[in-house]
Amino acid sequence: MLPASELADRLAHHAEAVCRHYLSAGRRAGNYWIVGDVANSKGKSLYVHLTGPRKGRWTDTATAQYGDLLDLVRETCGLVDFRDVAEEARRFLCEPNLASPERGDTLTDQPIDRPAGERARRLFGMTLPLSGTLADSYLRQRGILRASLHSALRFHPSCYYRDLVSGRTSSYPALIAAVTDRAGMITGVHRTWLDPGGEGKAKVDDPRRALGGLLGNAVRFGFPVHAPVPVMAAGEGLETILSLSHVMPGMPMVSALTANHLAAFRPPAGCLRLYVAADADAAGRHGIEGLSRHAQVLGILPLVLTPELGDFNEDLRRLGPGRLLANLRAQLAPEDAQALLPA
């Protein structure tokens, strides 16, 4: 069996042919293949390098996803196990007529409809309840003691991981969070790979990655079923929102996972006040400003919650839940503080 790095190199040698096959809704623009996303939607946020030293590398500017063509095969085909990804890549490489079409050739393939949430739902369906697992222990070490009450969080004992630089594949236990739309449909997942020995996150370059359709959606906590949500909180990081939920379990909250997705999040109808958990870096400020502007257009009052230290999880761990509550009480609207915080 060819190693992953060699498979990726062979796919990169036929980069345009790969794109025409798996991303048929796109088009060539100069030295790039442009398409909407890994679900093969029309658009231009995802681009694949077709020439040069980065040939075969791709980036989706809307979702912050990136990788090589082996990752692209996995995403577009909705595959989870590396064995299936490698088999699909080998099948493609054995097909005749892989040479890139000459200039002037027209695109005749019809777009392939591959819903982005399909592969995420498949992965989430392979997970286990969180309670008592390594993922539950990891969150408890972060001061988040009741994470197992959230149905959006699950545990995968051996989640596939591929190093995007070397191409080496392995598997680690992982915390899996379901990304859902307004109707509760899973559109994506967020994976946090964990150290098997319980020493925090896995010792890899990027232990957190998202998969599937994230734009406009989020990981949701405490949302009532078929009921209005007049007050809620939104933030970027998963542990930031879980820390707030730990001390304010009665407030519905969402984690958008990245600053771009936070800016693109759409609050539910009937929302009156939206608390936005601050993130100190420039990208975090962009997310807060974007979401706040959209909330104001909808007639929703945006209010920013600011931690005392670097983020709300650091506040929870280093200052304790009592100090965190006191800080939040000073920032919430009086009626929300009375309804949502302990006396």
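Residues numbered from 1 in each chain as written. Predicted model: local features only at pLDDT ≥ 70, side-chain atom pairs only at ≥ 80, totals over all residues. Heavy atoms only, no water.

Caption draft 1: Representation of the overall build of the protein chain in the model. From N to C terminus, the protein chain includes twelve helices and 15 strands. For 343 residues, the compact-globule formula gives about 20 Å, and the C-alpha radius of gyration of the protein chain, at 21 Å, lands near that figure. Its C-alpha atoms put the protein chain at 70 × 45 × 35 Å along the principal axes. Within the protein chain, counting contacts between residues at least 6 apart in sequence, those at least 24 apart form 57% of the total. (Helix = DSSP H or I, 4+ residues; strand = E, 2+ residues; numbered from the N terminus. Rg over C-alpha atoms; globule rule 2.2 N^0.38 Å. Contact = heavy atoms within 4.5 Å.)

Caption draft 2: A look at the side chain of S292. Topologically, S292 is positioned in helix 9 (residues 282-297). If we ignore the near neighbours within four places in the chain, the residues touching S292 are V276 and P302.

Caption draft 3: Local environment of the sheet that holds strand 6 (residues 128-129). Read from one edge of the open sheet, five strands run 6-7-8-9-10, paired in antiparallel fashion. Both outer strands of the open sheet, strand 6 and strand 10 (208-212), are each paired with one neighbouring strand and no more. In this structure, strand 7 (residues 153-162) lies alongside strand 8 (residues 169-180), joined through eight bridges in antiparallel fashion. When the sheet's bridge partners are listed, Y160 is paired in strand 8 with S171. (Pairing = 2+ DSSP bridges.)

Caption draft 4: Broad picture of the pairing of strand 2 (residues 32-35). Here strand 1 (residues 27-29) runs beside strand 2; their pairing, made up of three bridges, is antiparallel. Residue pairing across strands places R27 opposite I34, the latter belonging to strand 2. The pairing of strand 2 with strand 3 (residues 46-49) spans four bridges and is antiparallel. Each residue of the ladder has a partner; that of W33, found in strand 3, is V48.

Caption draft 5: Examining the sheet that holds strand 1 more closely. If you trace the five strands from one edge of the open sheet to the other, you get 1-2-3-4-5, paired in antiparallel fashion. Edge strands, defined here as strands with exactly one partner in the open sheet, are strand 1 and strand 5 (66-67). Strand contacts of helix 2 (residues 15-22): strand 1, strand 2 and strand 3, with the helix running at about 15 degrees to strand 2, the strand carrying the most contacts. Of the strands in this sheet, strand 3, strand 4 (58-60) and strand 5 are in contact with helix 3 (residues 69-77), which crosses strand 4 at around 50 degrees. (Axes fitted to C-alpha atoms, helices over the stretch in contact; angles between N-to-C directions.)

Caption draft 6: Structural context of the packing of helix 1 (residues 4-13) against helix 4 (residues 82-93). One can describe the packing of helix 1 onto helix 4 by two numbers: an axis separation of 11 Å at closest approach and a directional angle of 35 degrees. Where helix 1 crosses over helix 4, the handedness of that crossing is left-handed. Contacts from A4, L7, R10 and L11 in helix 1 reach F82, A86, A89, R90, F92 and L93 in helix 4. (Left-handed = near helix turned anticlockwise from the far one by under 90°.)

Caption draft 7: Structural view of the nonpolar core. If you look at the biggest cluster of nonpolar residues, it comprises 39 residues, and the most contacted ones within it are L139 and L153. Of all the elements, helix 7 (residues 238-247) adds the most residues to this core, at five residues. With residues up to four places along the chain from it excluded, the contact list for L139 reads L130, I144, A147, L153, L175, E239 and L242. Among the nonpolar cores identified, the runner-up in size contains 30 residues, and A17, V18, V35 and V85 belong to it. (Core = buried A, V, L, I, M, F, W, Y, C linked by side-chain atoms within 4.5 Å. Buried < 20%, exposed > 50% of the residue type's maximum accessible area, 1.4 Å probe, protein only.)

Caption draft 8: Broad picture of the environment of E6. Positionally, E6 belongs in helix 1. On the accessibility criterion, E6 (35% relative accessible area) is partly exposed. Remark: the alpha-carbon pair of E6 and G167, spanning 161 residues in sequence, is separated by 8.2 Å.

Caption draft 9: Summary view of the packing of helix 3 against helix 4. Running from N to C, helix 3 and helix 4 cross one another at 105 degrees; their axes reach a closest spacing of 9 Å. As judged from the angle between their axes, helix 3 and helix 4 are roughly perpendicular. Contacts from L70, V73, R74 and C77 of helix 3 reach helix 4 at F82, V85, E88 and A89. A per-class count over the contact of helix 3 with helix 4 returns six nonpolar, no polar and two charged. (Parallel < 35°, antiparallel > 145°, perpendicular 65-115°, else oblique. Nonpolar A, V, L, I, M, F, W, Y, C, P; charged D, E, K, R; others polar.)

Caption draft 10: Molecular detail of unusual backbone geometry. In this structure, N40 takes a positive phi of about 65 degrees despite not being glycine. Secondary-structure assignment places N40 in the loop between strand 2 and strand 3. On the basis of relative accessible area, N40 is assigned to the buried category, the value being 4%. Of note, the phi angle at L257 is positive, near 80 degrees, even though the residue is not glycine. Here L257 shows up in the loop between strand 13 (253-255) and helix 8 (259-264). Looking at L257, the relative accessible area reads 14%, which means it is buried.

Caption draft 11: Representation of the pairing of strand 12 (residues 231-235). The buried fraction of strand 12 is high, at five of five residues. Across the two faces of strand 12 the burial is the same, with V231, A233 and G235 and M232 and A234 all buried. As defined by bridge partners, strand 12 adjoins strand 14 (residues 273-277) across four bridges and the pair is classed as parallel. Counted as the bridge partner of A234 is V276 from strand 14. As paired strands, strand 12 and strand 13 are joined by three bridges and run parallel to one another.

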